[in-house]
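# Working through the structure, step by step
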Amino acid sequence: MNYDQQLMITGEKEVYDLSHYEAVMGRLRRSPLKNITLLKMMTAYHTQIDSTLIEQQDHWGVLLMMPTVTFPYDHRTYPEADTVVLMDYSSPEVFPALLKLLPRDARLVFKLQEDAYRQALEPYFTLHKVRSLYSYSTAEGQTFSADGACIVSEAIDERLLPLWMANDYSQGEISQYFQEGAFSVALFEGDVPLSTCMVFRNEESVWEIGAVHTAAAARKNGLAQRVVRTALYHTLQRGYIPRYQVLEDNLASIRLAKSIGLTPAVKLEHWINY
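Cut-offs and rules
- Residues numbered from 1 in each chain as written.
- Predicted model: local features only at pLDDT ≥ 70, side-chain atom pairs only at ≥ 80, totals over all residues.
- Heavy atoms only, no water.
- Helix = DSSP H or I, 4+ residues; strand = E, 2+ residues; numbered from the N terminus.
- Rg over C-alpha atoms; globule rule 2.2 N^0.38 Å.
- Buried < 20%, exposed > 50% of the residue type's maximum accessible area, 1.4 Å probe, protein only.
- Contact = heavy atoms within 4.5 Å.
- Areas by Shrake-Rupley, 256 points an atom, 1.4 Å probe, with all protein chains shown as cover.
- Lys, Arg positive; Asp, Glu negative; His and termini not counted.
- Charge placed at Lys NZ, Arg CZ, Asp CG, Glu CD.
- Core = buried A, V, L, I, M, F, W, Y, C linked by side-chain atoms within 4.5 Å.
- Salt bridge = Lys/Arg side-chain N within 4 Å of Asp/Glu carboxyl O.
- Arc of directions from axis to C-beta.
- Polar contact = N/O pair within 3.5 Å; in protein donor to acceptor, adjacent residues only side chain to side chain.

For the rest of this paragraph, the subject is the overall build of the protein. The helix and strand tally for the protein stands at nine helices and 13 strands. Its C-alpha atoms give the protein a radius of gyration of 20 Å, within 12% of the compact-globule value 19 Å for 274 residues. Taking the principal axes of the C-alpha coordinates as reference, the protein spans close to 65 × 35 × 30 Å. Considering the protein as a whole, with its 274 residues, one finds that 50% of them fall into the buried category. Sequence-distant contacts, at least 24 apart, represent 67% of the contacts inside the protein between residues at least 6 apart. Roughly 13000 Å² of accessible area belongs to the protein as shown, and the carbon and sulfur atoms make up 48% of that amount. For the protein, the distance from the average site of its 25 positive side-chain charges to the average site of its 33 negative ones is 6 Å.

What follows is the structure, given as structure tokens:
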């Protein structure tokens with residue numbers, strides 16, 4: 001079934017809605033940082049995602065199911081899994097309708113942005129926590145200044161590729177990000193890159209500051225803080241909501257986020273049933 005003809009359930013009536021994609025995105029955009037992973041996946045891979053919007057009177061629920069091979073990170077991280085599951089709903093009353101759609105005989109990766117979602121699933125699935133990721137963002141009215149020594153580029157700088165790829169970004173992913181408007185920030189010593197990051201689209205309003213990497217010989221000099229501050233300045237200047245995501249055990253990156261003054265926006269937990 002094509003993504004724009006997915007089933008929408010409204011009360012007891014089942015109808016096909018040609019604006020399904022826009023309806024799903026509209027619900028998720030009500031809390032863009034909370035639902036940033038869902039928005040990012042729908043923006044990039046909507047034609048490969050089995051997406052469902054359920055509406056029951058004043059309540060609604062969204063369920064996304066995508067093959068693990070769809071997103072390169074998932075394919076690398078969960079090679080034994082079949083499907084990645086993401087969800088959001090306005091009331092627990094909608095959860096039973098979403099639950100009916102989940103395959104019970106598949107190897108699933110649940111990416112959950114609320115602990116209540118895990119609690120709802122646990123009676124039906126044996127879940128094992130794999131990892132947590134924190135997304136940080138800026139407070140309303142918060143400002144940053146650009147570092148004059150930082151080089152900002154909207155084209156791929158080949159000198160920076162080894163640093164980005166050291167953070168597990170593939171060349172294909174990087175190329176796609178720049179085709180969609182990404183830009184890089186970097187500090188150099190001559191022609192040698194010392195520290196860098198990329199800023200790329202998650203969805204129309206939220207842009208991620210990622211691939212933060214400092215060359216080993218240049219670490220502990222505050223260079224990453226300078227490139228990230230500059231990236232935040234340019235992201236905000238362009239009218240976007242910045243997102244800075246870190247793994248829970250990446251203490252250096254967490255310290256960096258806090259030192260710059262970023263605040264936690266959402267915690268995303270990965271759970272598997274196998």
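Counting residues in hydrophobic clusters, the biggest one holds 26 residues, and the most contacted among them are Ile209, Val212, Val228, Tyr244 and Leu262. The element that contributes the greatest number of residues to this core is helix 8 (residues 223-237), accounting for six residues. Counting residues in each nonpolar core, the second largest holds 24 residues, with Leu38, Val62, Ala81 and Val206 among its members.

Tallied over the full model, the rule gives 19 salt bridges. Note that Lys34 is salt-bridged to Glu114, the shortest N-O span being 2.9 Å. Placement of Lys34 in the loop between helix 1 (20-28) and helix 2 (36-45) and of Glu114 in the loop between strand 6 (108-112) and helix 5 (115-121) is noted, with a sequence separation of 80 residues between them. A residue is classified by how much of its surface remains accessible, and Lys34, at 23% relative accessible area, is partly exposed. With a relative accessible area of 30%, Glu114 lands in the partly exposed category. When the shortest N-O distance is used, the salt bridge between Arg201 and Glu180 registers 3.9 Å. Within this pair, whereas Arg201 is found in strand 10 (residues 192-201), its partner Glu180 is found in the loop between helix 7 (171-179) and strand 9 (183-189), the two being separated by 21 residues in sequence. Residues joined in a network through salt bridges with shared partners are Arg29, Glu203 and Glu204.

The next thing to look at is helix 7. Every buried residue of helix 7 is listed here: Glu173, Ile174, Tyr177 and Phe178. Considered in projection along helix 7, the buried side chains sweep an arc of 130 degrees and stay on one side of the axis. Residues Gly172 and Gln179 are exposed on helix 7 and point more than 90 degrees away from its buried face. Packed against the buried residues of helix 7 are helix 2, helix 3 (72-77), strand 8 (151-153), helix 6 (161-165), strand 9 and strand 10. Trailing helix 7 by a residue or two, Gly181 shows a phi angle of about 105 degrees, which is positive.

A few words now on the environment of Ser51. Tracing the backbone shows Ser51 in strand 3 (residues 50-56). Polar side-chain contacts of Ser51 include one of 2.9 Å to the side chain of His20.

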